[in-house]
Amino acid sequence: MILPIVAYGHPVLKKVAQPITADYPGLKQLIDNMWETMYNGNGVGLAAPQIGLDIRMFMVDSEQLMDDEEEESEGDSKFRLTKGIRRVFINPEILEETGEPWTYEEGCLSIPDVRVKISRHETLRIKYVDEQFQEHTETFSEMNARIIQHEYDHLQGILLTDHMTPLKRSLVKKKLDNIASGKVGVRYKMKFAQR
Ligand SMILES: [Zn+2]
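Values in this document were obtained by computation on a predicted structure and should not be read as measured data. (Residues numbered from 1 in each chain as written. Predicted model: local features only at pLDDT ≥ 70, side-chain atom pairs only at ≥ 80, totals over all residues. Heavy atoms only, no water.)

Caption draft 1: Focus on the coordination of the zinc ion. Coordination sphere of the zinc ion, protein contribution only: Cys108 (SG), His150 (NE2) and His154 (NE2), at 2.0 to 2.2 Å. For His154, a relative accessible area of 1% puts it in the buried group. (Donors = N, O, S within 2.8 Å, 3.2 Å for Na, K, Ca; no water. Buried < 20%, exposed > 50% of the residue type's maximum accessible area, 1.4 Å probe, protein only.)

Caption draft 2: Broad picture of the pairing of strand E4 (residues 86-98). Direction of pairing for strand E3 (residues 57-61) relative to E4: antiparallel, over a ladder of 5 bridges. Each residue of the ladder has a partner; that of Phe58, found in E4, is Phe89. Strand direction decides the pairing type here: E4 and strand E7 (residues 123-129), joined by 6 bridges, are antiparallel. In the strand pairing of E7, Glu93 is matched with Lys127. (Pairing = 2+ DSSP bridges. Helix = DSSP H or I, 4+ residues; strand = E, 2+ residues; numbered from the N terminus.)

Caption draft 3: Layout of the side chain of Asp153. Mapped onto the elements of the fold, Asp153 is located in helix H3 (residues 142-155). Not counting residues within four places of it along the chain, the set of residues in contact with Asp153 comprises Arg120, Ile158 and His163. (Contact = heavy atoms within 4.5 Å.)

Caption draft 4: Structural context of the environment of Asn33. Its location among the elements puts Asn33 in helix H1 (residues 27-40). You can call Asn33 buried: its relative accessible area is 8%. Taking the C-alpha atoms as reference points, Asn33 and Ala7, separated by 26 residues in sequence, lie 18 Å from one another. If we ignore the near neighbours within four places in the chain, the residues touching Asn33 are Met1 and Leu3.

Read these as spatial facts, not as claims about activity.
Below, the structure written as structure tokens:
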């Protein structure tokens, strides 16, 4: 089932999400629904707050990106991905971030039509449990790390807009106000705070 994606301006996107236990009600169905919702929006990642739940869970599928390496490259914003991943991250904890910070222009399903250049470390080490609640500690780099950092931000109540310079913020203010009040044209279903 495709779930509505919570739009910028909704308070759930600003909350720090809480850990869950293996007996979280309807977890398997929720994960299936989140995958379906993410693919329907052409996303490469989706965090639970984006479908209205303040729980520490997100998923990433960067395998989809392996084909469009060419079109995303521009200037200092070089697309970097050697191998895609497909994973569900539950109760994740980023243990360390290392490597040269690099800049890339990110988008977010909750903030349609807004892209923000963000500098992030190239590599991270993360501890999490998967959908079977098996514990893993893994290292990810390049675009995989970036998507994880973006989704992890969601669990901390941090959005692309929090990474903006004051200039960028003033340039997109009208657009953000429109998104918050539901005046936005997207192909996928969204849920707005003020409508
Ligand atoms: Zn996002």
